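Chain and residue survey
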Amino acid sequence: MRPLEELVRPNICSLTPYSCARDEYQGAEATVFLDANESPYNTPLNRYPDPLQRKVKDALSHIYGLRSECFFLGNGSDEAIDLVYRIFCRPGRDNVVAPDPTYGMYGVAADINDVEYRRVPLAADFSLQAERLLEVCNAQTKAIFLCSPNNPTGNAFTAEAIEQVVARFQGIVVVDEAYADFSSQPSWVKRIVDYPNLIVLRTFSKAWASAGVRLGLAFARPDIIALFNKVKYPYNVSQLTQDYALEMLSRRYEVLEWVKRLLDERTKVVAALRLLPFYEKDYPSDANFVLVKLQGARRIYDYLIGQGIVVRDRSRVTLCDDCLRITIGLPTENSRLLAALRQYNGK
Ligand SMILES: *Cc1c(COP(=O)(O)O)cnc(C)c1O
């Protein structure tokens, strides 16, 4: 890996971060807080939240067996994705590389930050072409985004292919594990110990059933996390979200149960899709959704909308001709989808 100072934008290297009242206070026993111009009236949200979310990170530290300096918490993984650009990529000069198709936010965040976004097609079976990914990198390539399991294809990349990229690329590699709870492949979270250029993203939005709360996690070596903390908004995670996160982390065995049920349902939904007359192909999924190829996918999508059922039309996406992305729901929801599809007569 190139030295971190060489990868980070010079203005971020030299940045003096905003110092908020709760950052400056270090004493242990204070009980009277007259430092932050807050109201004294207990609403009970009159106080600013902990800018570093220490209680949540302590809980995460116990769960993941990593020091709390290895965690960043943000307003969804989308905040962490945006921060990667703002920390490492000089607008108008640097670039990032990612497979195609993949999660759309990497490209949108690149456009917003005026950073060139280089797409490298996945192989026809949606596997990662590590060699080709590395070939399009140059001295201005600051980061590679890998989403595994990948959205919208559903497959997880092999550990060997990811390792080839992480071990050989000299810049930052982001492995987005939004769907890792559903995957049979090993997670990369613990591998931040081995790779100083690795950032792993997780989110409360999928398996943790908490998309509404907006909470995303980044795992990395403390020197990278320190950069995230320097650039983020001081109070980027609200008190409500921090309290909620602690509550959810204590319910993690329930989450495992939900994951198990969704995986069972996924098997059933795929088996039923295969019996449809207009079924062409489904792609192996390591996620809570399945990408399926159907004859006339776009018309089927419109038909389903007419039935009050919304799936995701991915038929215009690279390598995804005639494909719909179907999220696995409750058994009753999946049954309604399948019943509607069985009644579809091509009109
Ligand atoms: C859904 C999803 C996320 C989650 O983003 P949040 O901002 O945390 O809701 C991140 N990455 C991928 C690939 C996703 O599909």
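Below is a short write-up of the structure. (Residues numbered from 1 in each chain as written. Predicted model: local features only at pLDDT ≥ 70, side-chain atom pairs only at ≥ 80, totals over all residues. Heavy atoms only, no water.)

As for the site of the ligand
What counts is decided by this rule: Near is defined per residue: the residue qualifies when any heavy atom it owns lies within 4 Å of the molecule or strand. We define a polar contact as two N or O atoms separated by no more than 3.5 Å, with the added condition that, inside protein, one atom must be a possible hydrogen donor and the other a possible acceptor, whereas residues neighbouring each other in sequence contribute only through side-chain atom pairs. In this description, accessible areas are obtained by the Shrake-Rupley approach with a 1.4 Å probe, and a residue is regarded as covered only by the protein chains that are shown.
Taken together, 13 residues lie around the ligand, and Tyr179, Thr203, Ser205, Lys206 and Arg214 are the ones closest in. Interatomic distance of 3.2 Å between a backbone N/O atom of Asp78 and an oxygen atom of the ligand. Asp176 has a polar side-chain atom sitting 2.7 Å from a nitrogen atom of the ligand. Burial of the ligand by the protein chains amounts to 93% of its free accessible area of 390 Å².

What to know about the pattern of salt bridges
Between side chains of opposite charge, a pair can form when the charged atoms approach closely. Selection rule: For salt bridges, the criterion is a side-chain nitrogen of Lys or Arg within 4 Å of an Asp or Glu carboxyl oxygen. Each helix is a run of DSSP H or I of at least 4 residues and each strand a run of E of at least 2, with the numbering of both proceeding from the N terminus. Think of it in three bands: residues with accessible area under 20% of the maximum for their type are buried, residues over 50% are exposed, and the middle band is partly exposed, with areas taken using a 1.4 Å probe on protein chains only.
Counted under the stated rule, the structure contains 20 salt bridges. We note a salt bridge from Arg67 to Glu69, for which the minimum N-O separation is 3.4 Å. The residue Arg202 makes a salt bridge to Glu177 at a minimum N-O spacing of 3.0 Å. Separated by 25 residues along the polypeptide, Arg202 in strand E6 (residues 198–203) and Glu177 in the loop between strand E5 (172–176) and E6 bring together distant segments of the chain. Glu177 shares its class with Arg202; the two are buried. Taken together, the shared-partner salt bridges connect Arg90, Asp94 and Lys142 into one network.

A word on the side chain of Ser210
Stated formally: Any two residues whose heavy atoms approach within 4.5 Å are treated as being in contact.
Its place among the elements puts Ser210 in the loop between E6 and strand E7 (216–219). In this structure the side chain of Ser210 is engaged in a polar contact, spanning 2.7 Å, whose partner is the side chain of Tyr244. Look past the residues within four positions of Ser210 in its chain and what remains in contact with it is Phe204, Ser205, Tyr244 and Met248.

As for the sheet that holds strand E2 (residues 95–100)
Note the following rule: In this description, strands pair whenever DSSP reports at least two bridges between them. To define axes, lines are fitted to C-alpha atoms, for helices over the stretch in contact only, and angles between the resulting N-to-C directions are given on a 0 to 180 degree scale.
With mixed pairing, seven strands are arranged side by side in an open sheet as E1-E7-E6-E5-E4-E2-E3. Strands with a single pairing partner mark the edges of an open sheet, and in this sheet they are strand E1 (71–74) and strand E3 (116–121). Here the average twist between neighbouring strands, direction ignored, is 25°. For strand E4 (residues 141–147) and E5, the ladder comprises five bridges, and the chain directions are parallel. Residue Phe145 lies in a different strand from E5, and its bridge partner there is Val174. Contacts between helix H5 (residues 77–88) and the sheet are confined to E1, E2, E3, E4, E5, E6 and E7, with E6 contributing the most and set at about 155° to the helix. The sheet strands contacting helix H9 (residues 222–231) are E1, E5, E6 and E7, and the helix crosses E1 at an angle near 25°.

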